[in-house]
Amino acid sequence: MRGRASRNVVTGAAGKCSPQDSSMNATGVRMVTRSRSRGPGAGPRGGGEKAAPLWRGEAAAEGKKSPSPSRHRRKTQKLNVAYDREEEDTKPPRAPSWEPRDWRQQLLNIRTMRSGKDAPVDWLGVEHCYDSDAPPKVRRYQVLLSLMLSSQTKDQVTAGAMQRLRARGLTVDSILQTDDSTLGTLIYPVGFWRSKVKYIKQTSAILQQRYGGDIPDSVAELVALPGVGPKMAHLAMAVAWGTVSGIAVDTHVHRIANRLGWTKTATNSPEKTRAALEEWLPRCGRVGAGRAPLSQPPLLTPPLHLHRELWGEINGLLVGFGQQTCLPVHPRCQGCLNRTLCPAARGL
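Residues numbered from 1 in each chain as written. Predicted model: local features only at pLDDT ≥ 70, side-chain atom pairs only at ≥ 80, totals over all residues. Heavy atoms only, no water.

**Here we look at the packing of helix α11 (residues 251-260) against helix α13 (residues 310-324)**
Put simply, the rule is: Each axis is a line fitted through C-alpha atoms, taken for helices only over the stretch in contact, and angles between the N-to-C directions span 0 to 180 degrees. Elements are defined by DSSP. Helices are runs of H or I of four residues or more, strands are runs of E of two residues or more, and each kind is numbered from the N terminus. Oblique is the label for any angle not under 35 degrees, not over 145, and not in the 65 to 115 range, which are roughly parallel, roughly antiparallel and roughly perpendicular in turn. Whether two residues are in contact is decided by their heavy atoms, any of which lying within 4.5 Å being enough. Throughout this entry, Asp, Glu, Lys and Arg are counted as charged residues, while Ala, Val, Leu, Ile, Met, Phe, Trp, Tyr, Cys and Pro are counted as nonpolar. The remaining residues, Gly among them, count as polar.
At a minimum axis distance of 8 Å, the contact between α11 and α13 shows a crossing angle of 80 degrees. With respect to their mutual orientation, α11 and α13 come out roughly perpendicular. Contact with α11, carried on its side by His252, Val253, Arg255 and Ile256, involves Ile314, Asn315, Leu318, Val319, Phe321, Gly322 and Gln323 of α13 and no other residues of that element. Of the residues that constitute the contact of α11 with α13, the class distribution is 6 nonpolar, 4 polar and 1 charged.

**Let's talk about the nonpolar core**
Let me state the cut-off plainly: By convention a nonpolar core is built from buried Ala, Val, Leu, Ile, Met, Phe, Trp, Tyr and Cys residues, the set being connected through side-chain atoms within 4.5 Å. Partly exposed describes any residue whose relative accessible area lies between the buried limit of under 20% and the exposed limit of over 50%, with all areas from a 1.4 Å probe on protein chains only and scaled to the type maximum.
The biggest cluster of nonpolar side chains holds 36 residues, and the ones touching the most others in it are Leu144, Leu145, Leu149, Leu165, Ile175, Ile187 and Leu222. Of all the secondary-structure elements, those providing two or more residues to this core are α4 (136-150), α5 (155-167), α6 (172-176), α7 (180-187), α8 (193-210) and α10 (230-240). Broken down by element, this core gets its largest block of residues, 7 residues, from α4. Excluding residues within four positions of it along the chain, Ile187 makes contact with Leu149, Ala161, Arg164, Leu165, Trp193, Lys196 and Val197. Ranked by size, the runner-up nonpolar core spans 25 residues in total, among them Ala119, Val249, Ile256 and Phe321.

**So, the packing of aromatic side chains**
Operational definition: Pairing of aromatic side chains requires ring centres within 6.5 Å, counting the rings of Phe and Tyr and the six-membered ring of Trp. Pairs whose planes differ by under 30 degrees are stacked, by over 60 edge-to-face, and all others tilted.
Tallied over the full model, the rule gives 4 aromatic pairs. Ring plane angle 85 degrees and centroid distance 5.7 Å describe the contact between Tyr188 and Trp193, whose orientation is recorded as edge-to-face. Relative to Trp280, the ring of Trp262 lies with its centre 5.9 Å away and its plane at 85 degrees, an arrangement referred to as edge-to-face. With Trp262 in the loop between α11 and α12 (270-280) and Trp280 in helix α12, the pair connects residues that are 18 residues apart, well separated along the chain. Taken together, the aromatic side chains of Trp98, Trp103, Trp262 and Trp280 make up a single cluster linked through ring pairs.

**Re unusual backbone geometry**
In this structure, Pro189 follows Tyr188 across a cis peptide bond, with omega equal to 15 degrees. Of note, Phe192 is a non-glycine position whose phi angle comes to about 55 degrees, a positive value. With respect to the helices and strands, the residue Phe192 is situated in the loop between α7 and α8.

**Some remarks on the packing of α4 against α5**
Filter applied, for reference: Should the near helix be turned counterclockwise from the far one by less than a right angle, the crossing is left-handed, whereas a clockwise turn marks it as right-handed.
In the contact formed by α4 and α5, the axes pass within 9 Å of each other and the chain directions differ by 140 degrees. It follows from the interaxial angle that α4 and α5 lie oblique. The two elements α4 and α5 meet at a crossing, and its hand is right-handed. The segment α4 lies against α5, with Gln142, Leu145, Ser146, Leu149 and Ser150 engaging Thr158, Ala161, Met162, Leu165 and Arg166. Taken together, the residues that form the contact of α4 with α5 break down as 5 nonpolar, 4 polar and 1 charged.

Structural data, given as structure tokens:
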């Protein structure tokens, strides 16, 4: 009498898509072995797994007395092994309904133009404004403060203000003990410095009362702080917590994305640009000329220079490009490698 089919499931963990991860990213597979060694009366497997359905003809034999083992020797059954991809873990990502036609080549060209890493953001950006010798909690607070100061302010001015603040010992307590007039003098001439004095004091008080002097570790909590917007929150998550939570879009990224045609329709605010970019730009993957982007890593991790966290890369890449080449007024299109690919440069 043939028994019920049994299944043994072996599942491999799907690899995490991260540019820093150099380990093998194995796609999960399920190995199904079919055996007829169990009798039809066997109950469900341990762990709550339901018994497998009967094979053809077994329903009629259900309940009948098994023949004597001495008279009918059980034949050794051949194991049928099949490999099937785990449906949930390895389901290929859904392709975006729209994406810019030349974005891969445009991105590679911008990387080439930015390979020198000599824009102001590369040596005066938020990653360079905090005290690397301070305790982790203080460093994170300084990252958030530099982001609050950077709004509508050039990197050179923000860096100068942060240097003056750090010279006095930049912590939550020191800011709360500084009077508004002195704080204003220290951060001047950042844009909207009077409003920022108020926001910095309010935010510092909240951090002391609710977070023990640390900063929140989620975008939702960060944007709830006075004077903290979405761009600052995503950059704080990336720099302070090492987590890419979304694309940080400032005026440079907003302007360049629209000029390159990276939004399906023209957007009129950085937040709308962020939403439009995240609709189609792969979170991470390989990008090459004529090669489709990979939003999920292949079985073997590609070289690190090909495997990038695109959402985390795009801000610094485009900000520096906007500071040097794609200027707000009189962009230097003649020296841009994308001059034949950019709709704005071609007057489209």
